[in-house]
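Spelled out, the chains give:
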Amino acid sequence: MKKLKKALICAAACVTACSFTALTACTENKPNTGLSSDVTVSQKLSASELDAQISRFNSQSASSFTVSGEVNLTRMGEEAVDIAFATISAKANLEGGNADIALAINSLFFGDEESPNHDFEYTPSTQAEGEAEAGGEEGTGEGTETGTEEGGEEGGEVEAPEMMEMSVFIRDWVAFYPNTDEAVDGVFNYKSLADSLNGSGMTIDEVVSQLTGGFVQDNATLLKIANTTDSIVVDEAEHTVTFNINKMVYGLYDYIKQIANNITETTTVSGLLKCSAVKYYLETFLGDMTGEQLFETVMGVIAGGGTGGEIGGTNTPFAADIAEENPLAAIMPNQGEKAYDYIMRMLDSQEFATITGAETPIGATKIVEMIGEDAAQALDIIKGTVAMVEQTKMITETSLTIPQMPGMAPAMAGTSISDMKLVYTFDEQDVLQSVGINGKVGMTVEGTAAEMEVSLTVAFAAEAITGFENIGSYTVNVYDETESTMIVKTVNEILGKTTKQ
């Protein structure tokens, strides 16, 4: 779930990130610092109203969730059709590590019948014979290809390509997935998710904790962004909070356009980052992080790819006092200092500049100098980029279109995302019931312009799910290091269990 939310946040913020990279930062509060005019955000909800919405997520918790979603092809060229392009159905418990995931993907993704990717199909149903009496409540785990569908509002019947189906199972944090080389025999490969996390130094419990613990912060960020882009609708009667993703992206772009058009030849990095709008968004993404937490996290990554311990914790080597003679002593955060304030202080610090190898404070560097052109040409590049986005209508209130770029797959060029909405539904006690996303995607399929409708719903429950598919006797490929060969075991043998799972 966290990945889904993160992806949506990144989608809404992608224009900001790309533009910040191109511009190398943003403005300044006062015109005499280099920006011709400050850019401020306009907020729809008052501070108290916004806090009230954020508080709805504070006590959210769930033991399990289900996922249902589909992508339907609704138009090919000038012809209206009704063809399933992809579907997903899943159920999972956050504790215990059990999940059933069923995927079906249209063969248009894989080419014609001669494509080697057709080995994607598999049929585990033969292994499940005799287990039906102890089977799950949902699904059978079978993975046979479906027949064709009929649809189309114009031009008569339209034959739908076959759906390539597969199931993935997670048991005790071990993922079992079809072996594509032997898929027709229903042979699985497996991977221990717990072992996969060892390299990161994290445990399953820590991952689950971060997935659930980051929920409030993620949604607080979305609320704060939507509140400045007039892209949030709160319906108290229906107990829903809706984010208009396209309108949110457009609103962010509009602020970026204003900022870019107010940059002058003397605007510095620090000046840009002090712009009211930029400061608002930076503080929004940083959340409640302090300078100490930011410092420990960065130092942990530099020291060895870790995070310097749990963010906000004190059980890290960087929380201890640093000797005065240590160069890092000059750039230590102040106690209780906010992350944004710490960043700004470091950008204006000569000590920080010296440590990073710069001759002068980074914050004093002019934006046009960082682009590497003369001032007039640099300003033309900044403003020209914004004008190009405006002229090509890459970003509008209802759509986001991906332009053709070098090396891009032909199907991706011109892909558009439109009318995308994220809907949170609560019950009367303000307990979150579900999160849904729906919208339209336009792209090129087999050389023809196509339009698809996307819908995905994640529903939460306080109770644990039971009735997962019985896969205990399914066969699994296991590499025997002693014999340097592949052997076959059952799921039960892998899990060390004698009962059916």
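These numbers were taken from a predicted model, which means no experiment stands behind them.

1. Thoughts on the side chain of Asn-106
Along the chain, Asn-106 turns up in strand β3 (residues 98-106). With a relative accessible area of 0%, Asn-106 lands in the buried category. Within the structure, Asn-106 has its side chain in polar contact with the backbone oxygen of Ala-84 (distance 2.9 Å).

2. Structural notes on a negative patch on the surface
Residues Asp-82, Asp-419, Glu-451 and Glu-453 make up a contiguous surface patch of negative charge. By secondary structure assignment, the location of Glu-451 is in strand β12 (residues 448-461). Glu-451 sits in the partly exposed class, given a relative accessible area of 32%.

3. Points about the side chain of Asn-93
As for its position among the elements, Asn-93 is in strand β2 (residues 79-93). With a relative accessible area of 9%, Asn-93 lands in the buried category. Setting aside its immediate chain neighbours within four residues, Asn-93 contacts Ser-63, Ser-64, Asn-98, Ala-464, Ile-465 and Phe-468.

4. Remarks on the packing of helix α9 (residues 276-286) against helix α11 (residues 339-347)
Packing of α9 against α11 leaves a shortest axis separation of 9 Å and a crossing angle of 120°. In terms of orientation, α9 and α11 fall into the oblique class. On α11, the residues that touch Lys-279, Leu-282, Glu-283 and Leu-286 of α9 are Ala-339, Tyr-340 and Ile-343. Here the residues of the contact of α9 with α11 are counted per class, giving five nonpolar, no polar and two charged.

5. Side note on the confidence of the model for the chain
Should the pLDDT be low somewhere, the predicted coordinates at that spot are not to be read in detail. Scored by pLDDT, the chain has a mean of 78; 73% of the residues are at 70 or more. For the chain, per-element mean pLDDT is lowest for helix α1 (residues 2-23), which scores 39, and highest for strand β8 (residues 240-244), which scores 96. Ignoring residues within four places in sequence, the model shows residues 1-32, a span with pLDDT below 50, making 84 contacts including any to other chains. Segment residues 306-317 is flagged for pLDDT under 50; beyond a separation of four residues in sequence, or across chains, it makes 18 contacts in the model.

6. Observations regarding the pairing of strand β5 (residues 174-178)
Both faces of the sheet carry side chains from a regular strand, because those side chains alternate between them. β5 sits mainly inside the fold: four of its five residues count as buried. Sheet topology note: the strand β4 (residues 163-171)/β5 ladder contains three bridges and is antiparallel. Across the sheet, the residue bridging to Phe-169 is Phe-176, located in β5. Where β4 folds back onto β5 in an antiparallel hairpin, the turn is made up of two residues, including Asp-172, whose phi is positive at roughly 50°.

7. A short note on the packing of helix α7 (residues 245-262) against helix α14 (residues 375-392)
The geometry of α7 relative to α14 is characterised by a closest axis approach of 9 Å and an angle of 150° between their N-to-C directions. Crossing geometry of α7 relative to α14 is assigned as left-handed. Along the contact surface, α7 presents Tyr-253, Lys-257, Ala-260 and Asn-261, while α14 presents Ile-382, Lys-383, Val-386, Val-389 and Glu-390. Class assignment for the residues of the contact of α7 with α14 results in five nonpolar, one polar and three charged.

8. Some thoughts on the environment of Ala-339
For Ala-339, the location among the structural elements is in helix α11. Linking Ala-339 and Asp-288, residues 51 residues apart in sequence, is a C-alpha distance of 8.1 Å. In this structure Ala-339 touches Leu-286, Met-289, Thr-290, Gly-291 and Leu-294, once residues within four positions along its chain are discounted.

9. Some remarks on the packing of aromatic side chains
One pass over the full model with this rule turns up eight aromatic pairs. Ring plane angle 85° and centroid distance 5.4 Å describe the contact between Tyr-280 and Tyr-281, whose orientation is recorded as edge-to-face. Per residue, the accessibility class of Tyr-280 equals that of Tyr-281, and both read buried. Its end group placed over the ring of Phe-426, Arg-56 keeps NZ or CZ at 4.5 Å from the ring centre. Sitting over the face of the ring of Phe-468, Lys-91 holds its NZ or CZ atom 5.4 Å from the ring centroid.

10. Points about the pattern of salt bridges
Scanning all chains against the criterion turns up eight salt bridges. For Lys-247, the salt bridge identified is with Asp-230, shortest N-O distance 3.7 Å. A residue pair is termed long-range when its members are at least 10 positions apart, and Lys-247 in helix α7 and Asp-230 in the loop between α6 (215-228) and β7 (232-235) qualify at 17 residues. Look at Lys-247 and you get partly exposed, because its relative accessible area is 24%. Between Asp-254 and Lys-257 there is a salt bridge, with its nearest N and O atoms 3.5 Å apart. One end of the pair is Asp-254 and the other is Lys-257, both in helix α7 and three residues apart, which spans about a single turn. Since its relative accessible area comes to 18%, Lys-257 is described here as buried.

11. Remarks on the environment of Leu-252
Mapped onto the secondary structure, Leu-252 falls in helix α7. Look at Leu-252 and you get buried, because its relative accessible area is 3%. For Leu-252 and Ile-225, which are 27 residues apart along the polypeptide, the C-alpha to C-alpha distance reads 8.2 Å.

12. Re the nonpolar core
The biggest cluster of nonpolar side chains holds 63 residues, and the ones touching the most others in it are Leu-223, Phe-243, Leu-422 and Tyr-424. One finds Val-174, Val-476, Val-491 and Leu-495 within the second-largest nonpolar core, a separate group that totals ten residues.

Parameters at a glance
- Residues numbered from 1 in each chain as written.
- Predicted model: local features only at pLDDT ≥ 70, side-chain atom pairs only at ≥ 80, totals over all residues.
- Heavy atoms only, no water.
- Helix = DSSP H or I, 4+ residues; strand = E, 2+ residues; numbered from the N terminus.
- Buried < 20%, exposed > 50% of the residue type's maximum accessible area, 1.4 Å probe, protein only.
- Polar contact = N/O pair within 3.5 Å; in protein donor to acceptor, adjacent residues only side chain to side chain.
- Patch = residues over 30% accessible without salt bridge, like charges linked within 9 Å, V, L, I, M, F, W, Y side chains within 5 Å.
- Areas by Shrake-Rupley, 256 points an atom, 1.4 Å probe, with all protein chains shown as cover.
- Salt bridge = Lys/Arg side-chain N within 4 Å of Asp/Glu carboxyl O.
- Lys, Arg positive; Asp, Glu negative; His and termini not counted.
- Charge placed at Lys NZ, Arg CZ, Asp CG, Glu CD.
- Contact = heavy atoms within 4.5 Å.
- Axes fitted to C-alpha atoms, helices over the stretch in contact; angles between N-to-C directions.
- Parallel < 35°, antiparallel > 145°, perpendicular 65-115°, else oblique.
- Nonpolar A, V, L, I, M, F, W, Y, C, P; charged D, E, K, R; others polar.
- pLDDT = per-residue confidence, 0-100.
- Pairing = 2+ DSSP bridges.
- Left-handed = near helix turned anticlockwise from the far one by under 90°.
- Phe/Tyr/Trp six-rings, centres within 6.5 Å; stacked < 30°, edge-to-face > 60°.
- Lys NZ or Arg CZ within 6 Å of the ring centre and 35° of its normal.
- Core = buried A, V, L, I, M, F, W, Y, C linked by side-chain atoms within 4.5 Å.

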